[in-house]
Structure formats: structure tokens, C-alpha cells
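The primary structure of each chain is shown beneath.
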Amino acid sequence: IAALRGFALFGVLWVNTTGHALSHFAINDPTAGGGMDALNFSAWLGTSVFIEGCMRGLFSLLFGASVILITRRAAPEDSLRGADLYFRRNLWLMVFGLVHGFLLLMPGDILYTYALCGMVLFVFRLASVRTLLALSCLCLVIVSAVEGLDAAEKHQIADQLAAYEDISSAPEEIQDLAGALKVPQEYIDTEYREKVTSPYSVHVRYFAPVYADTIFSASFVFELLDALTMMLIGMAMMKSGVLSGERRLGFYLRAGLTLAAIGFACRGYDIFARINNDFVRLDPSAAIAREIGRVALAVAYANLFIALWKLGAMRWIDGGLSAFGRMAFTIYIGGTVLAVLIFYGTGFGLYATLSRIEVYGVVLVMAALQIAVSALWLSRYRYGPLEWTWRSLTQLKRMPLQHQTAGS
């Protein structure tokens, strides 16, 4: 599981770093930054098909699986103490998430979301596999319906705007609607760029309200359901022995290839629709397909990864990915800090100076260095620095960090 978590984390950092380097608008819209030439557009397209959304989904799936593992071993002889440790663990995760979002300039933080979901999932830790999958399907139906309704609303706005040849001559209320479809490039190139390339104090005054608006708005319920969809699947896969590799190789290959075919078909439909609509989601059926495809592809990746592991094809990278995954908490937050230092005015100020393909090159170098550092650190210590801090806060005592040596 550690290696699979490392694989998912790499995909999360791939997307997050792009959001820091080119603006978070450029993640889903290549016209917002990074270049629209054949090479850079292909780079965006490849990320949209294989990585964006589904790797975060895989990461959420593994968080759900960890709920089963943690609740099984957390003081099994004392259920009250086990619950105490579990909820304290999630409360501290919430604190880390708030720091990450408000102070470390990550308005797309997932830790706060995971902490809240973790508390909800505790209620379902003893549920059957069938019940967990049914609840996941319910969450997916709600999320897909919300996405479809949002796309339908945007389609209506687009129809209103289409009545005007020149938007600048339209009534002010109509002009305001245009911003609901797509962030003006002028804003990205001027006001947004100025905030990102300014000192840290300006970053905080801009990004903190964005993060607050995310987690304290009614729409945040959608974010919770989105994460719960994958987490419930992760719990079911752990309970059924799928994630622990207990099924035969043929099972993983059949499930992985079938779900991958469904996932790529759905994502292809969504991406084609967005390209035809100037990278705005106006097609309700495509928006629904995107959600279904994201879930299918995340589960497919998990199955295919385990199949490759069973075949022995992962041995050459298993150690590095496992170290990367064991230090996922440290790497996730550390990745934000590195990206801010590289691209924002707080550090080297390289924001919007690189093409998309160059940004991906930076991500590869960052990941290689982080994997090497993770392996080196874990050769001496039991946990990553933030993992150790989190454990110590949860246990209310200083946990041992260094490996025990012979005779100690």
C-alpha cells in the first residue's frame, strides 16, 4: 500500500505544482497558461486523461483503506481508547490542513477535507463491503447530479451570452455572467500575477480568503461527498482483501483493464466536449461522465498496480515509491512549500516564466529528489518528520523516532 500511495502522491504533486507554476486556472484550461503549441497542449491533454482528478481519487481511496487499518489496530482491547486516538488523530489532521490552507498558500488543501471525512467514516468502519459500495454509489450519484446541474446552468449562461456579438456592449449584468463561465485572461495576466509575485504578506491576504470561502461555504458539502465516494470504495477494497493483494492475478487484470476502458472512454468524452466549448463544462452528460470516469480510472489504477506488483514488474521502483508513500504527509506539505519557494515572489519568482512541459520537468526533478531524500531519511528514522509529529500529538507523548539499534 505504501508504494501505491507513493504512486498516487506523485500524481497529486504533478497537478498541484502546475497550479502554483501557471495558476490553478491552467490545470483545467490550457489557454490560461503554459502555452498552446502542439507540445504543451499535448502535455496538458496527457495530464487531463491520465492524471488530473483520478490520482487524487486514488489518494482518497487509500485514505479510506487506512481507516480500516487504523481502527483495527488502535487499542483493540479498549474500544473507547481506540476511538479517542482515532478522533484525536483526525482533529490534528484538521489543524495541519488549516495551517496548510491559510498559511502555506494551498487553497486546494485536502487535509481538512480528509479529517472531516475520516470522522464520518468511523461510523461505517464495521459496515459490510456491500453497504460501503452502496454508500459510495449514492455519493457518486449526488456528486454527478451536482456537476450535471452546474454544467446545465453554465450552458444557459452561454446561450444568453451568444445573443450578443460583442459582450462589452451587453448590459452589465450580462457581462458579469461571462466571468461565471471563464476567468478573464486579463485578470490572470495582471491582478492574479501581481498577487503571486508579491511578498508573502500579499499571498496570505489573497489565498487565505479563497481557502476560507472553500471550506466554509455550502458547496463544501460537495467536496466532502466527492472525497467520500473514493474513501468508501477504499474501505470496501481493504475489507474484501483486494488492496492487500489476496485475489488472483486474473481478477486484478480483468478489473483493472475493464475499469480503465470505462474510465478513458468517459474522460475522453468529457475532454472532447470541453475542447469544443472553449474549455468550459457546458455539457451536462460530459460533466457526469467525468465523475464516473474519474472513479473508474482511480480504481483501475489500484488494480493494475497490484497486478504489476504480483508479476514482479514493480520491484525496480518499489523501494523508492514505498519510501515516498511512507512519507506522504511530509512530502505533500513539503511539495507546497517547495512550489511556493520556486514560483512565488516569496522565493525565486518563476511564476508563469516556464512552459507547461518545462513545469513538468521541474516536477520530475522535485519528485526524484524527494524520493531520494525519503529513502535516506527512512534508512535512519522510523517516520517522516511530519508523520512523527502527528503521531506524537495523537499519542500525547514523544514517540521514538530513530530506529532501534542492536542491543539498545
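All residue numbers refer to position in the chain's written sequence, counted from 1. This being a predicted model, a pLDDT of at least 70 is required before a residue's local features are given, and a value of 80 or more before pairs of side-chain atoms are given or counted; all residues contribute to the totals for chains, interfaces and linings. Working from all heavy atoms in the structure, the side-chain values ignore hydrogens and water.

Caption draft 1: A look at the overall build of the protein. By definition, any uninterrupted DSSP run of H or I lasting at least four residues is a helix, any uninterrupted run of E lasting at least two residues is a strand, and each is numbered from the N terminus. Helices and strands together make up the secondary structure of the protein, namely 16 helices and zero strands. Here the C-alpha atoms of the protein give a radius of gyration of 22 Å, agreeing with the 22 Å that 2.2 N^0.38 yields for 408 residues. When its C-alpha atoms are laid out on the principal axes, the protein stretches across 80 × 45 × 40 Å. Looking at the protein as a whole, 49% of its 408 residues qualify as buried. Residue contacts are counted whenever heavy atoms from the two residues lie within 4.5 Å of one another. Looking at the protein alone, contacts between residues at least 24 apart form 77% of all its contacts between residues at least 6 apart. Taken as a whole, the protein presents about 18900 Å² of accessible surface, with 65% of it coming from carbon and sulfur. When charges are counted, neither His nor the chain ends are considered; positive counts come from Lys and Arg and negative counts from Asp and Glu. We put the charge of a Lys on NZ, of an Arg on CZ, of an Asp on CG and of a Glu on CD. Mean positive and mean negative side-chain charge positions of the protein (32 and 31 charges, respectively) differ by 20 Å. The globule rule used for comparison is 2.2 Å times the number of residues to the exponent 0.38, while the radius of gyration itself is calculated over C-alpha atoms. Buried residues are those whose accessible area, probed at 1.4 Å on protein chains only, stays under 20% of the maximum for their type, while exposed residues exceed 50% and partly exposed ones sit between those limits. For the area figures, the Shrake-Rupley method with a 1.4 Å probe applies, and any residue is considered shielded solely by the protein chains shown.

Caption draft 2: Highlighting helix H16 (residues 385-395). All of the buried residues along H16 are Glu387, Trp388, Trp390, Ser392 and Thr394. At its buried positions, H16 is contacted by helix H4 (79-102), helix H13 (315-326) and helix H14 (328-343). Leu396 occupies a position one or two residues after H16 and carries a positive phi of about 60 degrees.

Caption draft 3: Spotlight on the side chain of Ser23. Along the chain, Ser23 falls in the loop between helix H1 (2-22) and helix H2 (38-50). Not counting residues up to four positions away in its chain, the partners in contact with Ser23 are Thr18, Ala32, Ile188, Tyr192 and Tyr351.

Caption draft 4: Expanded view of a nonpolar patch on the surface. Together, Val95, Val99, Leu103 and Tyr200 line one region of the surface with nonpolar side chains, adding up to about 310 Å² of accessible area. You can see Tyr200 is positioned in helix H9 (residues 200-215). For Tyr200, a relative accessible area of 36% corresponds to the partly exposed category. Patch criteria: residues need more than 30% relative accessible area and no salt bridge. Like-charged residues are merged within 9 Å; nonpolar side chains of Val, Leu, Ile, Met, Phe, Trp and Tyr are merged within 5 Å. Here a salt bridge means any side-chain nitrogen of Lys or Arg lying within 4 Å of a carboxyl oxygen belonging to Asp or Glu.

Caption draft 5: Up close: helix H8 (residues 185-196). Taking 1.5 Å of rise per residue, 12 residues should cover 16 Å, and H8 covers 15 Å from first to last C-alpha, within 8% of that figure. Considered for burial, the residues of H8 that qualify are Ile188, Tyr192 and Val196. Looking straight down H8, one finds its buried side chains confined to an arc of 45 degrees; they lie on one side. Turned more than 90 degrees away from the buried face of H8 sit Glu186 and Glu194, all of them exposed. Contacts made by the buried residues of H8 are with H1 and H9. Every helix has an expected span of 1.5 Å times one less than the residues it contains. The directions from the helix axis to the C-beta atoms are what the arc is built from.

Caption draft 6: Summary view of the packing of H1 against helix H15 (residues 356-378). Axis angles are defined between N-to-C directions and span 0 to 180 degrees, where every axis is a line fitted to C-alpha atoms and, for a helix, only to the segment in contact. The interhelical angle for the contact between H1 and H15, taken along N-to-C directions, is 130 degrees, at an axis separation of 10 Å. Comparing the axis directions of H1 and H15 gives the class oblique. Judged by the twist between their axes, the crossing of H1 over H15 is right-handed. In this structure, H1 contributes Phe10, Leu13, Trp14, Thr17, Thr18, Ala21 and Leu22 to the contact, and H15 contributes Arg356, Val359, Tyr360, Val363, Leu364, Met366, Ala367 and Gln370. For the contact of H1 with H15, the residue count by class is 11 nonpolar, three polar and one charged. Any angle that is under 35 degrees is reported as roughly parallel, and any over 145 degrees as roughly antiparallel; angles of 65 to 115 degrees are reported as roughly perpendicular and all others as oblique. The hand of a helix crossing depends on one turn: near helix anticlockwise from the far one by less than a right angle means left-handed, and clockwise means right-handed. Lys, Arg, Asp and Glu make up the charged group, whereas Ala, Val, Leu, Ile, Met, Phe, Trp, Tyr, Cys and Pro make up the nonpolar group; the residues left over, Gly among them, are polar.

Caption draft 7: Highlighting the packing of aromatic side chains. Between the rings of Phe, Tyr and Trp (Trp by its six-membered ring), a pair exists once the centres lie within 6.5 Å; its type follows the angle of the planes, with under 30 degrees stacked, over 60 edge-to-face, and the other angles tilted. Evaluated as defined, the whole model comprises 26 aromatic pairs. An angle of 55 degrees between the planes, with centres 6.4 Å apart, marks the rings of Tyr187 and Tyr192 as tilted. Take Tyr192: its relative accessible area is 1%, and that puts it in the buried class. Clustering of aromatic rings is evident, with ring pairs tying together Phe25, Tyr187, Tyr192, Tyr206, Phe207, Tyr344 and Tyr351. The ring of Phe122 carries the charged tip of Arg125 above its face, separated from the ring centre by 3.9 Å. Only when the NZ atom of a Lys or the CZ atom of an Arg is both within 6 Å of the ring centre and within 35 degrees of the ring normal do we say a charge sits over the ring. Between the NZ or CZ atom of Arg247 and the centre of the ring of Phe251, over which it lies, the distance is 4.8 Å.

Caption draft 8: Expanded view of the pattern of salt bridges. For the coordinates displayed, the defined rule picks out 12 salt bridges. One salt bridge connects Arg56 with Asp226, and the closest N-O pair in it is separated by 2.9 Å. Within this pair, whereas Arg56 is found in helix H3 (residues 54-73), its partner Asp226 is found in helix H10 (residues 220-239), the two being separated by 170 residues in sequence. Exposure remark for Arg56: the relative accessible area of 29% places this residue in the partly exposed category. Here Lys195 and Glu191 are joined by a salt bridge, their closest N and O atoms 3.0 Å apart.

Caption draft 9: Fine view of the state of the cysteines. Note that a disulfide, as used here, is simply two cysteine sulfur atoms within 2.5 Å. This model, assessed by the stated rule, comprises zero disulfides. Cysteine Cys117 remains unbridged, with the sulfur of Cys139 as its closest cysteine sulfur at 8.8 Å. Under the relative-accessibility criterion, Cys117 is labelled buried at 1%. As a non-bridged cysteine, Cys137 has Cys139 as the owner of its nearest cysteine sulfur, 9.4 Å distant.

Caption draft 10: Examining unusual backbone geometry more closely. Of note, Phe279 is a non-glycine position whose phi angle comes to about 65 degrees, a positive value. Relative to the elements of secondary structure, Phe279 occurs in the loop between helix H11 (249-276) and helix H12 (284-310). Looking at Phe279, the relative accessible area reads 12%, which means it is buried. If you check the backbone angles, Leu396 has positive phi at about 60 degrees while not being a glycine. Turning to its location among the elements, Leu396 is positioned in the segment after H16. Under the relative-accessibility criterion, Leu396 is labelled exposed at 62%.

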